[in-house]
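Observations on the three-dimensional arrangement
What follows is the residue order along each chain.
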Amino acid sequence: MTDAAFVKSIDFFPFNIPSGPEFLGVYTLIVALSLLLAKVVQRGVIGAMDGSEAPVPRDRGHLGGFRRPAQAGPRLLIGELPSPDDVHYVAFLRGGEGAVGDTIATLALGEGWLAPVPESEFIDVLPLPPEPCASSRKLFALLRGARTTRTALRAAIEEVAREEARRAEAALREGGFLVTGGAMAAGNAAFATVAAVPLVIAAHRLLRGVALGAPIGLLAVMMVATAIIALIAGMTSRVSLRGREYLAWLAGSTTALREDVRAGRSASPADASLAAALDGAEGIPALDRVWPAVARTDPGHSG
């Protein structure tokens, strides 16, 4: 096909808009509308395939925010605070493996069986309390001795966090709190299909400019910028609508509790671990006083 024939084949809107402010305005509008539609389609496809867009179940009998003992799988209900064993699910939803490590460290120190030796790298490992949480039992088994170092404790926390994170991820995905891999892939493909519209227009304009011998530098920059914006806009959280709804309820319902923990008015391991799960370990007195390094560093963080 000759250059003249090619130009004639695409001599229609929006490919034939004269270069300048008119095309820039129309193209910007097309980019905005395409990306907006792409996000709507992406979320619709993910919700339809995954089934995770259903609302979080509500605990009709315990709307006051009580805790119940942990059970198999995550018991995350609106109206019921998670148990210390279930708080790792909340941590994983908020921040992945690193947040799980925060809760493990907070629970272990809050239960009182880890006692840092003053002005020393050593930490005394005391007997477990009568009813320790599951992660504390696993951590205690790894330490194997009456005294350990901070480095060894950190490594043990990371190992338990990896195990707990794997378990939490599988259970949360099964419960609809995380988007499945297949649904995520289909949603991303749908987004890419719709978001490609302005890129196709730009590519045709680029070829038309080459055929006409017109400058194409600015158009090439706009095309690259559009691709970058599309890549950023296409990013989506693994946390489903159900998971986001639950985290929003839990954060809104525990504002005073978390403020009490950080102000030192509550020393409960359950409360402290919930605060760490939602906000991170920084600023929690139980950790700041006995082991500041834990509070400032995310153990085993992987996002």
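Please read all numbers here as calculations on a predicted model, not as lab measurements.

1. Here we look at the sheet that holds strand 3 (residues 114-116)
The 3 strands are arranged 3-4-5 in an open sheet whose pairing can be described as antiparallel. Strands at the two margins of the open sheet, each flanked by one partner only, are strand 3 and strand 5 (147-149). Across this sheet, the average inter-strand angle for adjacent strands is 30°, counted without regard to direction. Pairing geometry for strand 4 (residues 122-125) and strand 5, over 3 bridges, is antiparallel. Pairing of D124 across the sheet is with R147, part of strand 5.

2. Examining the packing of aromatic side chains
Scanning all chains against the criterion turns up 3 aromatic pairs. Centroid distance W113 to F140: 5.6 Å. Interplanar angle 70°. Geometry classified as edge-to-face. With a gap of 27 residues between them, W113 in the loop between helix 3 (87-111) and strand 3 and F140 in helix 4 (residues 134-143) connect regions that are remote in the sequence. Residue class for F140 comes out partly exposed when judged on its relative accessible area of 31%.

3. So, the packing of helix 4 against helix 5 (residues 150-174)
It is at 9 Å that the axes of helix 4 and helix 5 come closest, and there the two elements cross at 140°. Compared by their axis directions, helix 4 and helix 5 come out oblique. Relative to helix 5, the crossing made by helix 4 is right-handed. Contacts between helix 4 and helix 5 involve S135, K138, L139, L142 and L143 from the first element and L153, A156, I157, E159, V160, E163, E164 and R167 from the second. Looking at side-chain class alone, the contact of helix 4 with helix 5 contains 7 nonpolar, 1 polar and 5 charged residues.

4. Some points on the pattern of salt bridges
Taken as a whole and judged by the stated rule, the model has 11 salt bridges. One salt bridge in this structure joins K138 and E163, with 3.3 Å as the shortest N-O distance. Here K138, found in helix 4, pairs with E163, found in helix 5; they are 25 residues apart in sequence, far enough to count as distant. Note that D260 is salt-bridged to R265, the shortest N-O span being 2.8 Å. On the basis of relative accessible area, R265 is assigned to the exposed category, the value being 58%. Salt bridges sharing common partners tie together K138, E163, E164 and R167.

5. A word on a nonpolar patch on the surface
Taken together, the side chains of V224, I228, I232 and M235 define a hydrophobic patch exposed on the protein surface, amounting to about 420 Å² of accessible area. Residue I232 is classed as exposed on the basis of its relative accessible area, which comes to 54%.

6. Quick word on the side chain of D271
Locating D271 in the fold gives a position in helix 10 (residues 269-279). Judged by its relative accessible area of 13%, D271 is buried. There is a polar contact of 3.0 Å between the side chain of D271 and the side chain of S266.

Analysis parameters
Residues numbered from 1 in each chain as written. Predicted model: local features only at pLDDT ≥ 70, side-chain atom pairs only at ≥ 80, totals over all residues. Heavy atoms only, no water. Pairing = 2+ DSSP bridges. Helix = DSSP H or I, 4+ residues; strand = E, 2+ residues; numbered from the N terminus. Axes fitted to C-alpha atoms, helices over the stretch in contact; angles between N-to-C directions. Phe/Tyr/Trp six-rings, centres within 6.5 Å; stacked < 30°, edge-to-face > 60°. Buried < 20%, exposed > 50% of the residue type's maximum accessible area, 1.4 Å probe, protein only. Parallel < 35°, antiparallel > 145°, perpendicular 65-115°, else oblique. Left-handed = near helix turned anticlockwise from the far one by under 90°. Contact = heavy atoms within 4.5 Å. Nonpolar A, V, L, I, M, F, W, Y, C, P; charged D, E, K, R; others polar. Salt bridge = Lys/Arg side-chain N within 4 Å of Asp/Glu carboxyl O. Patch = residues over 30% accessible without salt bridge, like charges linked within 9 Å, V, L, I, M, F, W, Y side chains within 5 Å. Areas by Shrake-Rupley, 256 points an atom, 1.4 Å probe, with all protein chains shown as cover. Polar contact = N/O pair within 3.5 Å; in protein donor to acceptor, adjacent residues only side chain to side chain.

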